[in-house]
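Now for the letters of each chain:
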Amino acid sequence: MQPMTTEQIRALIARGKLKDTIFQALGIICLAVGLLVIFLLVSDMLMRGLDRLNLDFFVEFASRRAAQSGILSAWVGTILVMFVTALAAVPLGVAAGIYLEEYAKRNWVTDIIEINITNLAAVPSIVYGLLSLGIFVYAFGFGQSILSAGLTLALLILPIVIVSTREAIRAIPAMIREGSMAVGATRWQTCRYHIIPYAMPGILTGVIIGLARAIGETAPIITIGALTFIAFLPPMPFTATGADGVSAGLFDWVMSPFTVMPIQIFNWTSRPDPAFEVNAAAAGFVLMGMVLSMNAIAIYLRYRMRKNIKW
Amino acid sequence: MSANNVSDLHQVSDRLAHNAMRHFSERLIEALLFAAAAVSVLTTVGIVYVLVSESIQFFQVVSIVDFLTDTQWTPLFDDAHYGIMVLISGTLVSSGVALLVAIPMGTIIAIYLSEFANGKVREVAKPVLELLGGIPTIVFGYFALLIVTPLLQKVFPELPGFSLLSAGLVMGIMIVPYIASLSEDAMRAVPMSMREGSYAMGATKLYTAIHVVVPAAVSGLAASYILGISRAVGETMILAVAAGMQPNLTWNPMEPAATITSFIVQVALGDLPHGSIGYQTIFAAGLTLLLITLAFNIAGQWLRRRYREAY
């Protein structure tokens, strides 16, 4: 090989630096595409749906006439389903996380549970819908109710809650446990008074991310056969429902048919009449607002946690 | 025995009883926590049980050979054909398009974030990616149908209103955050000393990234691609909204086609009686889907173990 002259070496370095710069630009462009997609989506839905985004839209039921349709039953349904989901997924997920971090012995049972959680996180959401159709809807007889939907989504986000609980617990140094046990606390007392409170911000972040995922899930809820046209609200506790004047019980609403925001959007997007696209855009904007604000809260919480906690 | 001693014994036995009580409640709590962790295993058992038991009934009517080789999928017609290949072709084509977008974009973003970007850029880019990954799939479906398809039609005027191409492209954007963040984690795990060795030899950043860091992180990259594939295969709403739902044995992304997931949605939207062959069809389709994603997940875990470079 010929020895290189200084000019050649300079040219080589310049070429290398140029390639670096080009690649950096490529990386920024790829990131910008992601940002652009979010921007395009939100602005398109806002512009298309702006006319419908008024108070009436939130207090009207879905209707055959696009201009008079609203999302009342959808947003009420979404909030109720999320309530059931949180009520089921949070205790189960946190308890499972505590068990795996603080109690579980290293044996094959623990291994199976851990492998299982990893694999469950990769199961397509529609499969959870089929599970729920077979078990909750028919075998348990819950029907196409808020309860079935809430439990389905709870199972779906359970791995997220478990994993974030475990990560939060793992970040707590061993000296906290040792200190607690040294003054005579039992294992559960250590968890109850030290581990859970200190892990709370991390757990909360995971729960919010899980619920943000659940709120946008459509496929499993369609699969359990949720109706898409609902022009009534689930019965309020202790109010008269229907003609017979019988008062609804405290928990009657969990067995009620329902619709949720994503199903309402799907319903409106799949209609041939373009007038409904406007509704879909407006409802999509509302849903995006819900999801993005939940994610933003989670990101902010985590950011603050990283800054504040110093053991 | 003096009276004094007796009262001592009482005190001791009281404390022992208290201890036993404490012991009992500790064990009870541990059992409860274990039960919560076991729910995830029960979920898997439930999924397998529901899918397999309904599929067994399905395969008593339809032979497995027909299921795998028939070239028509018309389960709800009088002249019923059950060729799952029709749905698998749609699934594979749309996933292929998605991966053509997601793998290059995700890898470039990962290399950029792990090798080039400074802390400030990363602090902005990571939440943007997280938000992108958090967008509900139904909203992505809306994006594909009402924004991307019209844009693509300007380039390819013959593109129909529903197509695997536009659904696949949007699906690719959806998967980018998963691939980017997992690949970045894998590359950040490569020890600094290897990069320093490369820089010391006069290599540029890009050369180091491609020839040192990527090969060292290859198992993590492969695992992230496979996770992306299983996401794409299981994705439902984008396809149900934007790819049309008519079964079509095709390898051409410019055509509309049904996928395994969108077929399940289509059937669930109708009103099929519990226990009918049409009802069982969606479980057979769901089982096929689960087996495909399971195969990818096992391959991913195997790859990660097989090619893991330990430092």
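All values reported here derive from a predicted model rather than from experimental measurement.

Enquirer: Any chance you could explain the overall build of chain A here in plain terms?
Expert: Helices and strands together make up the secondary structure of chain A, namely 11 helices and 2 strands. For chain A, the α and β elements follow one another from N to C terminus as α-α-α-α-α-α-α-α-α-β-β-α-α. A compact globule built from 311 residues would reach a C-alpha radius of gyration of about 19 Å, whereas chain A, at 26 Å, exceeds it by more than 25%. Its C-alpha atoms give chain A principal-axis dimensions of roughly 95 × 65 × 35 Å. Considering chain A as a whole, with its 311 residues, one finds that 46% of them fall into the buried category. Of all intrachain contacts in chain A linking residues separated by at least 6 positions in sequence, the fraction that spans at least 24 positions is 77%.

Enquirer: I would appreciate a short explanation of the overall build of chain B in the present structure.
Expert: Across its full length, chain B carries 12 helices and 0 strands. Taken over the C-alpha trace, chain B has a radius of gyration of 27 Å; the compact-globule value for 311 residues is 19 Å, which it surpasses by more than 25%. Principal axes of the C-alpha set define a box for chain B whose edges measure 105 × 70 × 35 Å. Per-residue burial over chain B gives 47% buried out of 311 residues.

Enquirer: Help me out: how do you make sense of the interface of chain A and chain B in this one?
Expert: Frequently, the measure chosen for interface size is the accessible area that the parts lose on association. Taken together, the contact pairs 67 residues of chain A with 69 residues of chain B. With 17 residues, helix H1 (residues 6–49) of chain A is the single largest residue contributor to the side of chain A that touches chain B. Broken down by class, the residue content of the side of chain A that touches chain B amounts to 44 nonpolar, 17 polar and 6 charged.

Enquirer: Can you walk me through the environment of A:Val42 in this structure?
Expert: Residue and element names in this part refer to chain A. For Val42, the position within the fold is in helix H1. Note on Val42: 17 C-beta atoms within 10 Å, which makes it partly exposed. When the C-alpha positions of Val42 and Gly129 are compared, they lie 28 Å apart, and in sequence the two are 87 residues distant.

Enquirer: Looking at this model, I keep getting lost on the packing of helix H3 (residues 84–116) of chain B against helix H8 (residues 205–216) of chain B. Mind explaining?
Expert: Between two packed helices, what matters for the description is the angle formed by their axes and the separation of those axes. Residue and element names in this part refer to chain B. Running from N to C, H3 and H8 cross one another at 115°; their axes reach a closest spacing of 11 Å. Taken together, the axes of H3 and H8 are roughly perpendicular relative to one another. Judged by the twist between their axes, the crossing of H3 over H8 is right-handed. Contact residues: H3 offers Ile111, Glu115 and Phe116, while H8 offers Lys205, Ala209 and Val213. Here the residues of the contact of H3 with H8 sort into 4 nonpolar, no polar and 2 charged.

Enquirer: What exactly am I supposed to notice about the domain arrangement of chain A here?
Expert: Residue and element names in this part refer to chain A. We note that the domain assignment places domain 1 (6–52) and domain 2 (55–308) within chain A. Computed from C-alpha coordinates alone, the two centres of domain 1 and domain 2 are separated by 35 Å. Contact with domain 1, which involves 7 residues of that partner, is made by 9 residues of domain 2. Taken together, the residues that form the side of domain 1 that touches domain 2 break down as 3 nonpolar, 1 polar and 3 charged.

Enquirer: I keep staring at the packing of helix H11 (residues 260–269) of chain B against helix H12 (residues 277–306) of chain B and nothing clicks. Help me out?
Expert: Residue and element names in this part refer to chain B. Where H11 contacts H12, the two axes come as close as 9 Å, and the packing angle between them is 155°. Taken together, H11 and H12 sit at an angle that is classed as roughly antiparallel. Between H11 and H12 lies a crossing of left-handed hand. For the pair formed by H11 and H12, the contact residues are Ile260, Thr261, Phe263, Ile264, Val267 and Ala268 on the first element and Gly278, Thr281, Ile282, Ala285, Gly286, Thr288 and Leu289 on the second. Counted by class, the contact of H11 with H12 contains 8 nonpolar, 5 polar and no charged residues.

Enquirer: So what exactly am I meant to see when it comes to the domain arrangement of chain B here?
Expert: Parsing chain B into structural domains produces domain 1 (3–61) and domain 2 (84–306). Looking at the side of domain 1 of chain B that touches domain 2 of chain B residue by residue, the classes come out as 5 nonpolar, 2 polar and 1 charged.

Enquirer: Sorry, what's going on with helix H4 (residues 108–121) of chain A here?
Expert: For an α-helix the count is 3.6 residues per turn, leaving residues at separations of three or four pointing the same way. Residue and element names in this part refer to chain A. Relative to the 20 Å expected for 14 residues at 1.5 Å per residue, H4 spans 20 Å between its end C-alpha atoms, a close match to the ideal helical length. Within H4, the full set of buried residues consists of Ile113, Ile117 and Leu120. One face of H4 carries all of its buried residues, which in axial projection span an arc of 70°. Among the exposed residues of H4, those oriented more than 90 degrees off its buried face are Trp108, Asp111 and Thr118.

Criteria and thresholds
- Residues numbered from 1 in each chain as written.
- Chains lettered and ligands numbered in written order.
- Predicted model: local features only at pLDDT ≥ 70, side-chain atom pairs only at ≥ 80, totals over all residues.
- Helix = DSSP H or I, 4+ residues; strand = E, 2+ residues; numbered from the N terminus.
- Rg over C-alpha atoms; globule rule 2.2 N^0.38 Å.
- Buried ≥ 20, exposed ≤ 12 C-beta atoms within 10 Å, placed from the backbone.
- Contact = placed C-beta atoms within 7 Å.
- Nonpolar A, V, L, I, M, F, W, Y, C, P; charged D, E, K, R; others polar.
- Axes fitted to C-alpha atoms, helices over the stretch in contact; angles between N-to-C directions.
- Parallel < 35°, antiparallel > 145°, perpendicular 65-115°, else oblique.
- Left-handed = near helix turned anticlockwise from the far one by under 90°.
- Domains from an automatic or database assignment.
- Expected span 1.5 Å × (residues − 1).
- Arc of directions from axis to C-beta.

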